[in-house]
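Spelled out, the chains give:
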Amino acid sequence: MPKLVKLKVKPRKADVINPCVPELTAMLGCWAVSHDLKNTGECAQAAKNLAECMKTSSGSRKVAKSTINYHLARLGKNLMR
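Report on the accompanying structure. Every chain is numbered on its own, with residues counted from 1 as its sequence reads. Restriction of local features to residues with pLDDT of at least 70 applies here, the model being predicted, together with a cutoff of 80 or more for giving and counting side-chain atom pairs; totals for whole chains, interfaces and linings are based on all residues. Neither water nor hydrogens contribute to the side-chain values; these are computed over all heavy atoms in the structure.

Before going further, it helps to examine the overall build of the protein chain. By definition, any uninterrupted DSSP run of H or I lasting at least four residues is a helix, any uninterrupted run of E lasting at least two residues is a strand, and each is numbered from the N terminus. The secondary structure content of the protein chain amounts to 3 helices and 0 strands. What you see in the protein chain, going N to C, is helices and strands ordered as α-α-α. Relative accessibility thresholds used throughout: buried, under 20% of the residue-type maximum; exposed, over 50%; partly exposed, between the two (1.4 Å probe, protein chains only). Counting all 81 residues of the protein chain, 15% fall into the buried class. In what follows, a contact means two residues having at least one pair of non-hydrogen atoms within 4.5 Å. Expressed as a percentage of contacts within the protein chain between residues at least 6 apart in sequence, the contacts between residues at least 24 apart total 59%.

Looking now at the state of the cysteines. In this description, a disulfide is simply a cysteine sulfur pair whose atoms lie within 2.5 Å. According to the stated counting rule, one finds 2 disulfides in the structure shown. At a sulfur-sulfur separation of 2.1 Å, the disulfide partner of Cys20 is Cys53. Across the S-S bond of Cys20 and Cys53 the torsion is about -95°, and the bridge reads as left-handed. Of this pair, Cys20 sits in the segment before helix H1 (21-34) while Cys53 sits in helix H2 (residues 44-56), and the two are 33 residues apart along the sequence. As far as the burial class goes, Cys20 and Cys53 line up, both buried. Sulfur-sulfur distance for the disulfide between Cys30 and Cys43 comes to 2.0 Å. The sign of the -100° torsion about the S-S bond sets the Cys30-Cys43 disulfide as left-handed. Here Cys30 is found in helix H1, whereas its partner Cys43 is found in the loop between H1 and H2, with 13 residues between them in sequence.

The subject of this paragraph is the nonpolar core. Buried residues of nine kinds, namely Ala, Val, Leu, Ile, Met, Phe, Trp, Tyr and Cys, make up a nonpolar core once their side-chain atoms join them within 4.5 Å. In this structure, Cys20, Met27, Ala46, Ala47, Leu50 and Cys53 together form the largest nonpolar core, which totals 6 residues. For this core, the leading source of residues is H2, giving 4 residues.

Next up, the structure:
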């Protein structure tokens, strides 16, 4: 049996879900049209909508990182001997 040089698992690529894209698009569009970058005039409502969406979205939770590569590296040391 040939020796294994390195054990590694490639992580799955998860689809990125952005729940606040419409609100961000509306605010960027408002900035482009009215040049109200401080959100004091026409863009104030769009900025409030985006802030509320970002506050209530569950996308900010941290996903637990897989430890499979750590364990494979430890196991690999024993297999190489």
